[in-house]
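Each chain is listed here by its residues.
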Amino acid sequence: MNTALWIGQVLLAAIFALSGVLKSTMSRQRMLETGQTGAAAYPLPVVRFTAICELFAVVGLILPVLLGIAPALTGWAAAGLAVVMLGAMAMHGRLAIVQHKPAEWRNVGVNALILAVCLFVAIGRL
């Protein structure tokens with residue numbers, strides 16, 4: 001079980017490290033060009049704040065368990081990212097329904113998969 005949890009943690013850390021770096025450094029227009037449609041739904045400071053939170057969560061996914069210092073923080077980091085994924089699913093679903101963008105349903109599915117991994121790690125580490 002520990003190995004599966006580590007695989008989930010590393011996978012989540014890679015996904016959210018990339019997401020956090022891109023959202024904290026790219027312009028809104030560049031984010032939209034690269035397919036990050038959620039950037040259009042929120043003010044840029046909110047997108048940047050979310051990106052910074054994602055980067056802090058990446059640290060929380062790996063270091064506490066790796067160092068053996070407050071390992072429950074890893075579960076809480078995964079739980080926090082689960083909340084981010086719920087928000088992302090809601091936003092992409094809203095884009096799909098309200099703005100009639102059926103391609104957004106693919107993003108909802110990807111968010112649901114990431115949410116499942118977040119919940120697996122959160123439950124496994126708490």
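Nothing here was measured: the structure is a model prediction, and the numbers come from that model.

What counts and how
Residues numbered from 1 in each chain as written. Predicted model: local features only at pLDDT ≥ 70, side-chain atom pairs only at ≥ 80, totals over all residues. Heavy atoms only, no water. Helix = DSSP H or I, 4+ residues; strand = E, 2+ residues; numbered from the N terminus. Rg over C-alpha atoms; globule rule 2.2 N^0.38 Å. Contact = heavy atoms within 4.5 Å. Areas by Shrake-Rupley, 256 points an atom, 1.4 Å probe, with all protein chains shown as cover. Polar contact = N/O pair within 3.5 Å; in protein donor to acceptor, adjacent residues only side chain to side chain. Expected span 1.5 Å × (residues − 1). Buried < 20%, exposed > 50% of the residue type's maximum accessible area, 1.4 Å probe, protein only. Salt bridge = Lys/Arg side-chain N within 4 Å of Asp/Glu carboxyl O. Disulfide = S-S within 2.5 Å. 1 Å grid on protein atoms, 1.4 Å probe; cavity = no way out; pocket = protein on both sides within 12 Å on 5 of 7 lines; lining within 4 Å. Points joined across faces, edges and corners; volume = space filled by probe spheres on them.

Undergrad: I tried to follow the overall build of the protein on my own but got confused; where do I start?
TA: Helix and strand counts for the protein come out as 5 helices and 0 strands. Written out in order from the N terminus, the α and β elements of the protein read α-α-α-α-α. The globule rule puts the C-alpha radius of gyration for 126 residues at 14 Å, and the 15 Å found for the protein is close to it. With the principal axes as the frame, the protein shows a C-alpha extent of 45 × 25 × 20 Å. For the protein, the proportion of contacts with a sequence separation of at least 24, taken over those separated by at least 6, is 65%. Surface exposure of the protein reaches about 7000 Å², of which carbon and sulfur atoms provide 76%.

Undergrad: I'm lost on the side chain of E54 in this one. Help?
TA: On the secondary structure map, E54 appears in helix α3 (residues 44–67). Here the side chain of E54 touches G20 through a polar contact of 3.3 Å, landing on its backbone nitrogen. In this structure the side chain of E54 is engaged in a polar contact, spanning 2.8 Å, whose partner is the side chain of K23. Sequence-distant contacts of E54, that is, excluding residues within four places in its chain, are made with F16, S19, G20, K23, L81 and V84.

Undergrad: Looking at this structure, how should I read helix α1 (residues 2–25)?
TA: For α1, with 24 residues, the first-to-last C-alpha span of 34 Å sits near the 34 Å given by 1.5 Å per residue. Residues of α1 that are buried: L5, G8, Q9, L12, A13, F16, S19, G20 and K23. Looking at the buried residues of α1, the elements they touch are α2 (28–33), α3, α4 (72–98) and α5 (104–125).

Undergrad: Any chance you could explain the pattern of salt bridges here in plain terms?
TA: Oppositely charged side chains can pair when the atoms bearing their charge come close. Throughout the structure, instances matching the rule amount to 2 salt bridges. Of the charged contacts in the structure, one is a salt bridge between K23 and E54, with a shortest N-O distance of 2.8 Å. Of the two residues, K23 sits in helix α1 while E54 sits in helix α3, which places them 31 residues apart along the sequence. Taking the relative accessible area as the measure of exposure, K23 reaches 15% and is therefore buried. On the basis of relative accessible area, E54 is assigned to the buried category, the value being 2%.

Undergrad: What should I look at first to understand the environment of S27 in this one?
TA: Along the chain, the position of S27 falls in the loop between α1 and α2. Within the structure, S27 has its side chain in polar contact with the backbone nitrogen of R30 (distance 3.1 Å).

Undergrad: Would you mind going over the state of the cysteines with me for this structure?
TA: The final tally for this structure, using the stated rule, is 0 disulfides. The cysteine C53 is free of any disulfide, with C118 supplying the nearest cysteine sulfur at 14 Å.

Undergrad: I tried to follow the environment of A4 on my own but got confused; where do I start?
TA: Relative to the helices and strands, A4 is located in helix α1. C-alpha of A4 to C-alpha of G124: the two residues are 120 residues apart in sequence and 9.5 Å apart in space.

Undergrad: Explain the layout of surface pockets to me, please; I cannot follow it from the model alone.
TA: Empty space among the atoms can be located by rolling a probe the size of a water molecule over them. In this model, the largest pocket occupies a volume close to 790 Å³. Listed by contribution, the elements that provide at least two residues to the lining of the largest pocket are α1, α3, α4 and α5. Sort the elements by how many residues they give to the lining of the largest pocket and α4 lands first, with 7 residues.

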